[in-house]
Amino acid sequence: MHRAVSLLCDALLVVVFAALGNRAHDSGLAPLDIFATAWPFLVGLLLGWLVTASWSRPHQIWPAGLLIVVVTLAAGMVLRYFFTPGGVQLSFVLVATATLATFLLGRRLIGLLLTRK
């Protein structure tokens, strides 16, 4: 059960990332607007979970957590570039990297701390 909750938390954090970006750029906060921004990164997140088999260790920071961040970003940027009108300017890549790394690795750190108690 905690594995599904961990994946759901990761997905929710990706959606929060998209909502914050939409808010900052006045891109709309309707659910479809947020989904239009989030879907490439949600696909990347799922791919990252598959590549790392994170369901067996959902709170692992190294190497699984870091790989999930990398795969989420890489796949998200490629999908965004080819399938959405959004751009992949260097500034966006840097902000996305910092935000998603903080969110996804921070969630794992919190998960580790909670499961140790």
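Residues numbered from 1 in each chain as written. Predicted model: local features only at pLDDT ≥ 70, side-chain atom pairs only at ≥ 80, totals over all residues. Heavy atoms only, no water.

Asks: Can you walk me through the nonpolar core in this structure?
Replies: Looking at soluble globular proteins, one finds that nonpolar side chains tend to be buried together. Within the largest apolar cluster, 17 residues are counted, with the highest numbers of intra-cluster contacts made by Phe 41 and Leu 100. At the level of elements, α1 (2-24), α2 (31-52), α3 (61-83) and α4 (90-116) are the ones that each hand at least two residues to this core. Sequence-distant contacts of Phe 41, defined by excluding residues within four places in its chain, comprise Val 14, Phe 17, Thr 72, Leu 73, Gly 76, Met 77, Arg 80, Phe 92 and Leu 100. (Core = buried A, V, L, I, M, F, W, Y, C linked by side-chain atoms within 4.5 Å. Buried < 20%, exposed > 50% of the residue type's maximum accessible area, 1.4 Å probe, protein only. Helix = DSSP H or I, 4+ residues; strand = E, 2+ residues; numbered from the N terminus. Contact = heavy atoms within 4.5 Å.)

Asks: In this structure, what is going on with the packing of α3 against α4? I would like to understand it.
Replies: Each packed pair of helices is defined by two parameters, the angle between the axes and the distance between the axes. Where α3 contacts α4, the axes come no closer than 10 Å and their chain directions differ by 145 degrees. Note that α3 runs across α4; the crossing there is right-handed. When α3 is examined against α4, the residues Ile 61, Gly 65, Leu 66, Ile 68, Val 69, Thr 72, Leu 73, Met 77 and Arg 80 are found in contact with a partner set consisting of Phe 92, Val 93, Ala 96, Thr 97, Leu 100, Ala 101, Leu 104, Leu 105, Arg 108, Leu 109 and Leu 112. Taken together, the residues of the contact of α3 with α4 sort by class into 15 nonpolar, 3 polar and 2 charged. (Axes fitted to C-alpha atoms, helices over the stretch in contact; angles between N-to-C directions. Left-handed = near helix turned anticlockwise from the far one by under 90°. Nonpolar A, V, L, I, M, F, W, Y, C, P; charged D, E, K, R; others polar.)

Asks: Looking at this structure, how should I read α4?
Replies: Because an α-helix completes one turn every 3.6 residues, residues spaced three or four positions apart along the sequence face the same direction. Counted at 1.5 Å a residue, the expected span for α4 with its 27 residues is 39 Å, and the 38 Å between its end C-alpha atoms agrees. Buried within α4 are the following residues: Phe 92, Ala 96, Thr 99, Leu 100, Leu 104, Arg 107, Arg 108 and Gly 111. Residues of α4 that are buried make contact with α1, α2 and α3. (Expected span 1.5 Å × (residues − 1).)

Asks: How do you make sense of the packing of aromatic side chains when you look at a structure like this?
Replies: In this description, an aromatic ring pair is defined by two values, namely the gap between the centres and the angle between the planes. For the coordinates displayed, the defined rule picks out 4 aromatic pairs. Taking the centre distance of 6.2 Å and the plane angle of 65 degrees together, the rings of Phe 41 and Phe 92 count as edge-to-face. Of this pair, Phe 41 sits in helix α2 while Phe 92 sits in helix α4, and the two are 51 residues apart along the sequence. For Phe 41, a relative accessible area of 0% puts it in the buried group. Taken together, the aromatic side chains of Phe 17, Phe 41 and Phe 92 make up a single cluster linked through ring pairs. (Phe/Tyr/Trp six-rings, centres within 6.5 Å; stacked < 30°, edge-to-face > 60°.)

Asks: Would you explain α2 in this entry?
Replies: Taking 1.5 Å as the rise per residue, α2 with 22 residues should run 32 Å; its terminal C-alpha atoms sit 29 Å apart, in good agreement. Listed in full, the buried residues belonging to α2 are Ile 34, Thr 37, Ala 38, Pro 40, Phe 41, Leu 42, Gly 44, Leu 45, Gly 48, Trp 49 and Thr 52. Lining the buried residues of α2 we find α1, α3 and α4.

Asks: Just checking my understanding: could you explain a nonpolar patch on the surface for this structure?
Replies: A surface patch of nonpolar side chains, amounting to about 510 Å² of accessible area, comprises Val 78, Tyr 81, Phe 82 and Phe 83. Structurally, the position occupied by Phe 83 is in helix α3. Look at Phe 83 and you get exposed, because its relative accessible area is 59%. (Patch = residues over 30% accessible without salt bridge, like charges linked within 9 Å, V, L, I, M, F, W, Y side chains within 5 Å. Areas by Shrake-Rupley, 256 points an atom, 1.4 Å probe, with all protein chains shown as cover. Salt bridge = Lys/Arg side-chain N within 4 Å of Asp/Glu carboxyl O.)

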